[in-house]
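# Architecture and fold: a report
In case you want the letters, here they are:
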Amino acid sequence: MHPNLELSISGLFIERADRVLCDNFSCQVSAGEIARIMGENGAGKSTLLKIIAGVLQPLEGKIMFAGEDISYHRDILQKELLYLGHHAGIKAVFSAAENLSWYCPTKSKDAIEEALTEVGLGGYLDTPAHQLSAGQQRRIALARLWLTDKKVWLLDEPFTALDVKGVAVLEQRLKQHLDKGGMIILTTHQSLDDSLNIKEIKLTS
Amino acid sequence: MNWIWFHKLGSPKWFFQWANKWSKFAFFIGVLLLTIGVVWGLGFAPADYQQGNSFRIIYIHVPTAILAQSCYLGLGVAGIVSLVWRMKMAPVFIKAVAPLGAVMALIALISGAIWGKPTWGAWWVWDARLTSVLILFLLYMGVIAIQNSLDDMQLADKAVAVISVVGLINLPIIKYSVEWWNTLHQPATFTITAKPAMPMEMWLPLLLSTLGMYGFIAGVAMWRMQAEVLVREHRANWVKKEVLDNGI
Amino acid sequence: MTYSSFFYSEILAVFRRKQDVVNALVFFLLVITLFPLGVSPSKEFLQPAAGGIIWCAVALAVLMSVEGMFKEDFNDGSLEQLVVSGLYLPILVLLKLLVQWVSVIIPLLVLTPILSQMLFINWEILWVLVLTLLIGSPALFLIGTIGAALTVSLRRGAVLMLLIILPFYLPVIIFSTGAIAAAQVGQPYNGQLAILAAISLITLTLSPIMAAVSIKASVN
Amino acid sequence: MAFESLNEFLSMGTHGPFVWSVYGISLVLLFGCYFSSMKAKKDQIKRLKQRYLREQKS
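Now for a description of the structure that goes with this document. It should be emphasised that the depicted structure is a prediction, and the values quoted were computed from it without experimental measurement.

### Concerning the overall build of chain C
- A tally of helices and strands in chain C yields 9 helices and 0 strands.
- The N-to-C order of helical and strand elements in chain C reads α-α-α-α-α-α-α-α-α.
- Its C-alpha atoms give chain C a radius of gyration of 18 Å, within 12% of the compact-globule value 17 Å for 220 residues.
- Referenced to the eigenvectors of the C-alpha coordinate spread, the extents of chain C come out at roughly 55 × 35 × 30 Å.
- Across the 220 residues that make up chain C, the buried fraction comes to 58%.
- Long-range pairs, those at least 24 residues apart, make up 80% of the contacts in chain C between residues at least 6 apart in sequence.
- Of the accessible surface of chain C, which amounts to about 8,900 Å², a share of 72% is contributed by carbon and sulfur atoms.

### Focus on the overall build of chain A
- From N to C terminus, chain A includes 6 helices and 9 strands.
- Taken over C-alpha atoms, the radius of gyration comes to 17 Å for chain A, in line with the 17 Å a tight globule of 205 residues would show.
- Its C-alpha atoms give chain A principal-axis dimensions of roughly 50 × 40 × 35 Å.
- Counting all 205 residues of chain A, 53% fall into the buried class.
- Long-range pairs, those at least 24 residues apart, make up 68% of the contacts in chain A with a sequence separation of at least 6.
- Total accessible area computed for chain A in this model is approximately 9,300 Å², and 45% of it derives from carbon and sulfur atoms.
- Of the side chains in chain A, 22 bear a positive and 26 a negative charge, and the two mean positions are spaced by 2 Å.

### Here's the deal with the sheet that holds strand 3 (residues 34-38) of chain A
All names here are of chain A.
- Strand order across the open sheet formed by 5 strands is 6-7-8-3-9, with parallel pairing between neighbours. The sheet terminates laterally at strand 6 (81-84) and strand 9 (198-202), the two strands that pair on one side only. Each neighbouring strand pair of the sheet contributes to a mean axis angle of 15°, computed without reference to strand direction.
- Looking at chain direction, strand 3 and strand 8 (residues 183-187) are connected through 3 bridges and run parallel. Residue pairing in the sheet places A35 in a bridge with I185 of strand 8.
- This element, helix 6 (residues 164-179), spans strand 3, strand 7 (152-156) and strand 8 of the sheet and lies at about 145° to strand 8.

### Observations regarding the interface of chain D and chain B
- Taken together, the contact between chain D and chain B spans 34 residues of the former and 44 residues of the latter.
- Taking both sides of the interface into account, the surface hidden between chain D and chain B amounts to around 3,500 Å²; carbon and sulfur atoms contribute 77%.
- Of all residues in chain D, Y23, K41 and Y52 of chain D bury the most surface against chain B, accounting for 19% of the area lost on that side.
- Seen at the junction of chain D and chain B, the total is 0 salt bridges.
- If you look at where chain D meets chain B, you find 6 residue pairs in polar contact (both at pLDDT 80 or more).
- Sorting elements by how many residues they give to the side of chain D that touches chain B places helix 2 (residues 16-57) of chain D first, with 27 residues.
- Considering only residue class, the side of chain D that touches chain B consists of 21 nonpolar, 8 polar and 5 charged.

### Considering a negative patch on the surface
- Taken together, D110, E113, E114, E118 and D126 of chain A make up a surface patch of like negative charges.
- Inspection of the secondary structure assignment puts D126 of chain A in the loop between helix 4 (109-118) and helix 5 (134-143).

### A look at unusual backbone geometry
- At R86 of chain B, a residue that is not glycine, the phi angle is positive and equals roughly 50°.
- Checked against the element boundaries, R86 of chain B lands in the loop between helix 3 (58-84) and helix 4 (89-120).
- Among the residues examined, R86 of chain B registers a relative accessible area of 62% and is labelled exposed.
- Its identity is not glycine, yet F120 of chain C carries a phi of approximately 60°, on the positive side.
- Position of F120 of chain C among the secondary structure elements: in the loop between helix 6 (89-118) and helix 7 (123-150).
- For F120 of chain C, a relative accessible area of 31% puts it in the partly exposed group.

Thresholds applied
Chains are numbered independently. Their residues run from 1 in the order of the written sequence. Chain A is the first chain written and ligand 1 is the first ligand written, with later ones labelled in order. In keeping with the predicted nature of the model, local features appear solely for residues at pLDDT of at least 70, side-chain atom pairs appear and are counted solely at 80 or more, and the whole-chain, interface and lining totals rest on all residues. Only hydrogens and water are removed before side-chain values are computed, so all heavy atoms of the structure are retained for them. Helix numbers and strand numbers start at the N terminus; a helix is a DSSP run of H or I with at least 4 residues, a strand a run of E with at least 2. As defined in this context, the radius of gyration uses C-alpha atoms, and a globule is described by 2.2 Å times the residue total to the power 0.38. The classification of residues rests on relative accessible area computed with a 1.4 Å probe and restricted to protein chains. Under 20% of the type maximum is buried, over 50% is exposed, and intermediate values are partly exposed. Any two residues whose heavy atoms approach within 4.5 Å at even a single point are treated as in contact. Note that accessible areas follow from Shrake-Rupley with a 1.4 Å probe, and for residues the cover is restricted to the protein chains shown. Two residue types count as positive, namely Lys and Arg, and two as negative, namely Asp and Glu; His and chain ends fall outside the count. Working definition for charges: the position is that of NZ of Lys, CZ of Arg, CG of Asp or CD of Glu. By definition, two strands form a pair when at least two bridges between them are found by DSSP. With axes taken as lines fitted to C-alpha atoms, and helix axes fitted only over the stretch in contact, angles between N-to-C directions fall between 0 and 180 degrees. Note on terms: buried area is the combined drop in 1.4 Å-probe accessible area of two parts once they are placed together, counting the loss on both. Salt bridges are identified by distance alone: a Lys or Arg side-chain nitrogen within 4 Å of an Asp or Glu carboxyl oxygen. Pairs of N or O atoms are called polar contacts if they sit within 3.5 Å, as long as, within protein, a hydrogen donor faces a hydrogen acceptor (for residues adjacent in sequence, only side-chain-to-side-chain pairs). Lys, Arg, Asp and Glu make up the charged group, whereas Ala, Val, Leu, Ile, Met, Phe, Trp, Tyr, Cys and Pro make up the nonpolar group; the residues left over, Gly among them, are polar. To count toward a patch, a residue needs a relative accessible area above 30% and no salt bridge. Like charges then connect within 9 Å, nonpolar side chains (Val, Leu, Ile, Met, Phe, Trp, Tyr) within 5 Å.

Structure below.
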């Protein structure tokens with residue numbers, strides 16, 4: 001696909017609510033790598049993810065993806081991007097399966113059922129999302145990871161809604177993705193399996 | 001055409017120093033012209049043969065009405081500059097000028113209403129021009145309201161820019177529609193200001209007071225913009241130097 | 001996510017939230033009812049005022065329904081997903097509006113014969129009313145979206161949205177009621193309809209882009 | 001001068017109250033514009049100065 005699937009950030013300056021979160025921040029993530037953004041609460045981990053995803057614009061700095069500056073060629077990154085933010089993006093009036101088929105219209109009904117089973121929602125295919133708990137709604141969003149073939153995953157606290165077994169399943173999925181040459185940037189408080197190729201990124205001001 | 005001044009104006013530092021030099025000049029020239037125009041208009045211009053002395057309100061009504069429209073035009077242009085070129089000074093301009101434009105529209109409204117009493121025998125008549133100014137005033141209040149309601153500065157900047165641009169495009173449509181509506185409902189009443197061929201002695205003081213009002217607003221707006229620049233750029237070294245060297 | 005899956009999901013969402021459509025209609029009827037009760041139920045007042053009454057009610061009902069159009073998407077995070085989807089945001093806005101427009105205006109058109117009886121509108125005039133609704137209301141929706149997108153991040157944005165958007169509705173209301181008034185006295189009304197169409201077309205080109213800019217600024 | 005006497009100037013025919021009230025209100029509002037803008041700039045400079053001096057000490 002992309003021979004040089006690589007995301008590099010340089011000279012990034014982030015300011016939120018009159019507070020400098022990072023100044024002249026740089027990092028690099030390449031295919032097969034999982035980057036974990038480290039930092040205290042309120043250090044701007046989610047903000048950094050949002051900036052990479054293109055939800056926010058940085059005040060200064062450059063983000064390059066596959067050799068192109070994404071402030072000019074945002075579509076190149078967005079074609080390969082799956083972003084799961086703090087809010088899951090799950091519509092309350094839709095059932096679990098409807099939510100997924102909206103995001104991944106090319107996948108079959110069986111594939112969606114399979115993905116929901118992976119995150120432990122096998123029996124909730126046609127339950128309206130507003131009847132599910134907040135954690136279950138987050139897991140619907142996580143199920144998208146089993147339905148996607150995008151290369152770059154940006155995950156904001158993906159493990160929060162999962163139990164021990166769920167964490168293991170998700171780690172397995174992340175590993176699979178890395179083996180296929182994908183790239184993951186995430187924030188989490190969970191300690192991750194050492195077999196994953198983890199690169200830690202410190203965010204300090 | 002040399003565009004360097006335009007790009008320089010986009011830099012807060014350059015603007016601040018430029019405004020330091022010129023704001024007082026614009027303000028005092030403005031006040032001077034305004035005073036000359038108003039005194040001339042009040043004391044020396046001949047009375048109107050139809051309206052008598054009440055027409056002397058024109059020397060405050062017309063300049064403020066013109067300024068109210070010019071300020072909104074400026075807002076719209078700054079909105080485009082802000083959205084397209086993301087120039088730092090454009091949102092500062094909008095934030096500083098919107099309240100001034102609202103005051104201009106307010107003075108035009110009040111003076112129009114007071115003028116209306118001896119002319120039409122009523123404080124308010126749904127005249128096309130007055131109605132337009134009223135709507136303009138409401139548009140200003142919308143811009144100010146959204147500026148004050150949004151705490152996030154970036155969002156507020158975008159929001160007022162969007163509203164200003166939409167207003168700029170809508171303003172001619174609104175004006176045209178109000179005029180059309182007015183002719184439909186009130187044929188052949190004579191309007192306050194639409195007068196054929198004003199004599200020179202009446203027209204010249206009007207020109208002076210209008211120019212004076214431009215100068216006054218320019219000076220005052222520059223101070224407001226400077227204050228806003230200081231808020232936004234307080235981390236920059238030049239601001240620090242500027243503030244510490246200042247004698248206040 | 002694709003354009004068609006987004007469009008389909010919007011239609012589905014409207015069907016799931018039928019109550020919102022009903023609410024807008026009831027609100028519309030209530031505003032209409034206020035005029036005979038508040039001013040005068042006589043034919044002499046209502047007949048010439050009918051166009052104005054209906055259009056004021058339409059403007060308010062449209063603002064009501066447009067105001068919340070991004071709210072839920074903003075709160076549950078799907079608006080964010082739209083921004084990062086790689087799809088062209090103005091087109092998504094336009095698709096969403098199209099669904100919204102159909103869901104409000106079609107029921108309204110069904111109501112118009114009832115209105116014509118309540119406000120003493122002749123059948124020939126009713127046709128003009130329907131035309132102004134069809135041609136003029138897209139502009140109301142399109143302008144309203146900008147306000148909805150700007151105020152979506154505010155908890156109490158409804159009043160603010162009314163404040164900034166209503167002045168922009170004036171030309172549409174003036175020319176719509178103008179067309180109806182002209183038809184009532186037997187004058188040609190094509191000119192007003194043409195201007196309405198022009199306003200709708202201008203807003204069609206401009207406001208999806210402006211709304212997209214506003215959404216991007218609001219989502220953060 | 002378009003008026004014969006000061007009294008006539010002040011009364012402006014019968015329109016004196018209208019004309020003078022307009023000019024009075026305008027003067028107040030314009031002065032308000034001037035004053036608030038001037039003060040906005042001065043206050044901001046003062047505030048920043050205190051802040052910088054505080055930061056220098058600490």
